[in-house]
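Fold and contact review
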Amino acid sequence: MANDEAAVLAAVGPRLRALRKNRGTTLSELADTTGISVSTLSRLESGQRRPTLELLLPLARAHQVPLDELVGAPAVGDPRVRPRPIVRHGTTFLPLTRRPGGLQAFKQILPPHSPTETQLQSHEGYEWLYVLSGRLRLQLGDHDLILEPGEVAEFDTRTPHHVSNPGPETAEVLNLFGPQGERLHVRARPATD
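Residues numbered from 1 in each chain as written. Predicted model: local features only at pLDDT ≥ 70, side-chain atom pairs only at ≥ 80, totals over all residues. Heavy atoms only, no water.

Thoughts on the layout of surface pockets
The line we're drawing: Computed over the protein atoms alone on a 1 Å grid, cavities are sets of points where a 1.4 Å probe fits but cannot get out and pockets are open sets with protein on both sides within 12 Å along at least five of seven lines; a residue lines them when it has an atom within 4 Å of a point. Grid points are joined across faces, edges and corners, and a volume is the space filled by probe spheres set on the points. Note on conventions: DSSP H or I runs of at least 4 residues are helices, E runs of at least 2 residues are strands, and numbering of each starts at the N terminus. Asp, Glu, Lys and Arg are counted as charged, while Ala, Val, Leu, Ile, Met, Phe, Trp, Tyr, Cys and Pro are counted as nonpolar; the rest, among them Gly, fall into the polar class.
Taken as a whole, the largest pocket spans an internal volume of roughly 730 Å³. Along its surface, the largest pocket is lined by 22 residues, and Arg-88, Phe-93, Gln-108, His-162 and Val-163 are the ones closest to its centre. When contributions to the lining of the largest pocket are tallied by element, the ones reaching two or more residues are strand S1 (86-88), strand S2 (91-95), strand S3 (104-110), strand S8 (161-164) and strand S9 (171-178). Among the elements that make up the lining of the largest pocket, the one with the highest residue count is S8 (four residues). Grouping the constituent residues of the lining of the largest pocket by class yields eight nonpolar, 12 polar and two charged.

And the structure:
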(Lines give C-alpha, C1' and ligand atoms only; values in the text may rest on other atoms or scores of the structure.)
Protein backbone atom coordinates (compact mmCIF):
# COMPACT_ATOMS: atom_id res chain seq x y z
CA MET A 1 0.00 0.00 0.00
CA ALA A 2 2.81 2.43 0.86
CA ASN A 3 4.42 1.75 -2.54
CA ASP A 4 1.16 2.63 -4.29
CA GLU A 5 0.94 5.94 -2.41
CA ALA A 6 4.58 6.75 -3.16
CA ALA A 7 4.03 6.06 -6.87
CA VAL A 8 0.94 8.30 -6.97
CA LEU A 9 2.77 11.14 -5.19
CA ALA A 10 5.84 10.77 -7.43
CA ALA A 11 3.66 11.13 -10.55
CA VAL A 12 2.08 14.43 -9.40
CA GLY A 13 5.14 16.60 -10.18
CA PRO A 14 5.58 15.51 -13.80
CA ARG A 15 1.80 15.75 -14.30
CA LEU A 16 1.81 19.34 -12.97
CA ARG A 17 4.74 20.30 -15.22
CA ALA A 18 3.12 18.74 -18.32
CA LEU A 19 -0.20 20.46 -17.60
CA ARG A 20 1.48 23.86 -17.15
CA LYS A 21 3.63 23.49 -20.29
CA ASN A 22 0.69 22.25 -22.41
CA ARG A 23 -1.16 25.43 -21.46
CA GLY A 24 1.88 27.60 -22.28
CA THR A 25 2.06 29.01 -18.75
CA THR A 26 5.30 30.03 -17.03
CA LEU A 27 6.07 29.34 -13.38
CA SER A 28 5.87 33.08 -12.72
CA GLU A 29 2.41 33.35 -14.30
CA LEU A 30 1.20 30.33 -12.32
CA ALA A 31 2.65 31.82 -9.11
CA ASP A 32 0.73 35.06 -9.76
CA THR A 33 -2.50 33.13 -10.33
CA THR A 34 -2.22 30.74 -7.35
CA GLY A 35 -0.28 32.76 -4.77
CA ILE A 36 2.22 29.89 -4.50
CA SER A 37 5.87 30.93 -4.81
CA VAL A 38 7.87 30.09 -7.94
CA SER A 39 10.35 28.07 -5.89
CA THR A 40 7.58 25.98 -4.30
CA LEU A 41 6.01 25.35 -7.71
CA SER A 42 9.39 24.37 -9.14
CA ARG A 43 10.05 21.96 -6.26
CA LEU A 44 6.57 20.46 -6.64
CA GLU A 45 7.11 19.83 -10.35
CA SER A 46 10.57 18.31 -9.80
CA GLY A 47 9.32 16.04 -6.99
CA GLN A 48 11.45 17.75 -4.32
CA ARG A 49 8.33 18.97 -2.48
CA ARG A 50 5.54 16.69 -1.33
CA PRO A 51 2.15 17.76 -2.78
CA THR A 52 -0.41 18.77 -0.16
CA LEU A 53 -4.08 19.59 -0.46
CA GLU A 54 -3.32 23.26 0.33
CA LEU A 55 -1.04 23.39 -2.73
CA LEU A 56 -3.08 21.22 -5.09
CA LEU A 57 -6.44 22.98 -4.64
CA PRO A 58 -5.29 26.37 -6.04
CA LEU A 59 -3.41 24.56 -8.82
CA ALA A 60 -6.53 22.62 -9.82
CA ARG A 61 -8.50 25.88 -9.86
CA ALA A 62 -5.83 27.68 -11.92
CA HIS A 63 -5.65 24.85 -14.49
CA GLN A 64 -9.45 24.38 -14.43
CA VAL A 65 -9.21 20.63 -13.85
CA PRO A 66 -10.66 18.39 -11.15
CA LEU A 67 -8.30 17.55 -8.29
CA ASP A 68 -8.49 13.88 -9.32
CA GLU A 69 -6.79 14.77 -12.60
CA LEU A 70 -3.83 16.34 -10.81
CA VAL A 71 -3.17 13.30 -8.67
CA GLY A 72 -4.09 10.73 -11.31
CA ALA A 73 -6.71 9.11 -9.12
CA PRO A 74 -7.82 5.77 -10.51
CA ALA A 75 -11.33 5.51 -11.89
CA VAL A 76 -13.67 3.73 -9.55
CA GLY A 77 -17.10 2.26 -9.96
CA ASP A 78 -19.38 2.98 -12.88
CA PRO A 79 -17.52 5.13 -15.42
CA ARG A 80 -20.71 6.61 -16.88
CA VAL A 81 -21.35 10.24 -16.10
CA ARG A 82 -24.87 10.85 -14.90
CA PRO A 83 -25.41 14.59 -14.93
CA ARG A 84 -27.91 15.96 -12.45
CA PRO A 85 -30.48 18.14 -14.19
CA ILE A 86 -30.87 21.71 -13.00
CA VAL A 87 -34.39 23.14 -13.30
CA ARG A 88 -34.88 26.93 -13.30
CA HIS A 89 -38.22 28.59 -14.04
CA GLY A 90 -39.47 25.45 -15.84
CA THR A 91 -36.38 25.14 -18.05
CA THR A 92 -34.17 22.08 -17.59
CA PHE A 93 -30.38 22.31 -17.95
CA LEU A 94 -28.40 19.08 -18.35
CA PRO A 95 -24.67 19.72 -17.69
CA LEU A 96 -22.49 18.12 -20.36
CA THR A 97 -19.14 19.15 -18.87
CA ARG A 98 -17.71 18.38 -15.46
CA ARG A 99 -14.75 20.74 -15.50
CA PRO A 100 -15.00 23.54 -12.95
CA GLY A 101 -14.69 27.01 -14.48
CA GLY A 102 -13.86 27.67 -18.10
CA LEU A 103 -16.14 26.70 -20.95
CA GLN A 104 -19.33 24.93 -19.83
CA ALA A 105 -21.71 22.92 -22.04
CA PHE A 106 -25.40 22.29 -21.33
CA LYS A 107 -28.37 20.80 -23.09
CA GLN A 108 -31.23 23.17 -22.39
CA ILE A 109 -34.83 21.92 -22.59
CA LEU A 110 -37.52 24.60 -22.74
CA PRO A 111 -41.18 23.58 -22.32
CA PRO A 112 -43.77 24.70 -24.91
CA HIS A 113 -44.83 28.33 -24.66
CA SER A 114 -42.27 29.11 -21.97
CA PRO A 115 -42.73 32.58 -20.47
CA THR A 116 -41.99 35.24 -23.06
CA GLU A 117 -42.63 38.29 -20.89
CA THR A 118 -39.44 38.20 -18.85
CA GLN A 119 -36.98 40.95 -18.10
CA LEU A 120 -33.75 40.83 -20.11
CA GLN A 121 -30.70 39.81 -18.09
CA SER A 122 -27.00 40.58 -18.54
CA HIS A 123 -23.90 39.11 -16.88
CA GLU A 124 -20.22 38.46 -17.57
CA GLY A 125 -19.49 35.78 -20.13
CA TYR A 126 -19.91 34.65 -23.71
CA GLU A 127 -22.62 32.30 -25.00
CA TRP A 128 -23.17 30.11 -28.02
CA LEU A 129 -26.58 28.50 -28.73
CA TYR A 130 -27.43 25.77 -31.26
CA VAL A 131 -31.10 24.83 -31.68
CA LEU A 132 -31.50 21.05 -31.81
CA SER A 133 -35.31 20.93 -32.04
CA GLY A 134 -38.32 23.20 -31.67
CA ARG A 135 -38.10 26.98 -31.89
CA LEU A 136 -36.18 29.39 -29.72
CA ARG A 137 -36.91 33.07 -29.20
CA LEU A 138 -33.75 35.06 -28.49
CA GLN A 139 -34.22 38.60 -27.28
CA LEU A 140 -30.79 40.20 -27.55
CA GLY A 141 -30.54 43.92 -26.95
CA ASP A 142 -32.75 45.54 -29.61
CA HIS A 143 -33.06 42.29 -31.61
CA ASP A 144 -35.94 39.83 -31.28
CA LEU A 145 -35.05 36.65 -33.19
CA ILE A 146 -36.73 33.27 -33.76
CA LEU A 147 -34.18 30.48 -34.23
CA GLU A 148 -35.12 27.21 -35.95
CA PRO A 149 -33.39 23.78 -35.69
CA GLY A 150 -29.83 23.97 -36.99
CA GLU A 151 -29.49 27.70 -36.40
CA VAL A 152 -26.81 29.19 -34.17
CA ALA A 153 -26.46 32.39 -32.15
CA GLU A 154 -23.28 33.69 -30.54
CA PHE A 155 -23.17 36.71 -28.22
CA ASP A 156 -21.51 38.58 -25.39
CA THR A 157 -23.73 38.03 -22.33
CA ARG A 158 -23.14 41.61 -21.17
CA THR A 159 -25.73 42.46 -23.84
CA PRO A 160 -29.17 42.21 -22.18
CA HIS A 161 -30.76 38.93 -23.34
CA HIS A 162 -33.45 36.33 -22.72
CA VAL A 163 -34.34 33.00 -24.34
CA SER A 164 -37.79 31.44 -24.43
CA ASN A 165 -39.82 28.90 -26.39
CA PRO A 166 -42.68 30.48 -28.34
CA GLY A 167 -43.70 27.22 -30.02
CA PRO A 168 -46.21 24.47 -29.20
CA GLU A 169 -43.50 21.79 -28.80
CA THR A 170 -40.53 21.38 -26.48
CA ALA A 171 -37.37 23.16 -27.66
CA GLU A 172 -33.94 21.61 -27.14
CA VAL A 173 -30.81 23.72 -27.33
CA LEU A 174 -27.09 23.01 -27.05
CA ASN A 175 -25.73 25.84 -24.92
CA LEU A 176 -22.02 26.65 -24.48
CA PHE A 177 -21.08 29.30 -21.97
CA GLY A 178 -17.62 30.64 -21.22
CA PRO A 179 -15.99 33.32 -19.12
CA GLN A 180 -15.70 36.82 -20.50
CA GLY A 181 -13.20 36.96 -23.34
CA GLU A 182 -13.25 33.19 -23.98
CA ARG A 183 -14.84 32.63 -27.37
CA LEU A 184 -15.26 29.55 -29.49
CA HIS A 185 -12.67 29.11 -32.17
CA VAL A 186 -14.15 28.04 -35.48
CA ARG A 187 -11.66 26.45 -37.83
CA ALA A 188 -12.30 25.92 -41.50
CA ARG A 189 -10.19 24.51 -44.27
CA PRO A 190 -8.74 27.17 -46.56
CA ALA A 191 -10.27 27.33 -50.02
CA THR A 192 -8.22 25.60 -52.69
CA ASP A 193 -7.38 27.45 -55.88
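Let's talk about the sheet that holds S9
The line we're drawing: Following DSSP output, two strands are said to pair if at least two bridges run between them. Helix axes use the C-alpha atoms of the stretch in contact, all axes being lines fitted to C-alpha atoms, and the angles between their N-to-C directions lie in the range 0 to 180 degrees.
Read across the sheet, six strands follow the order S1-S2-S3-S9-S4-S7 without closing on themselves; strand pairing throughout is antiparallel. Here the strands that pair on one side only, and so sit at the sheet edges, are S1 and strand S7 (152-156). Taken over all neighbouring pairs, the strand axes of this sheet differ in orientation by 25° on average, direction set aside. One ladder, built from four bridges, connects S2 with S3; its direction is antiparallel. Counterpart to Pro-95 in the pairing with S3 is Phe-106.

Things to note about the sheet that holds strand S5 (residues 136-140)
Strands sit in the order S6-S5-S8 across an open sheet of three strands; the sheet is antiparallel. The outermost strands of the open sheet, each flanked by one partner alone, are strand S6 (143-147) and S8. When strand polarity is set aside, the average angle formed by the axes of neighbouring strands in this sheet is 15°. Where S5 lies against S6, five bridges are found, and the strand directions are antiparallel. Bridge pairing links Gln-139 to Asp-144 in S6.

Don't take any of this as a statement about function, it's just geometry.
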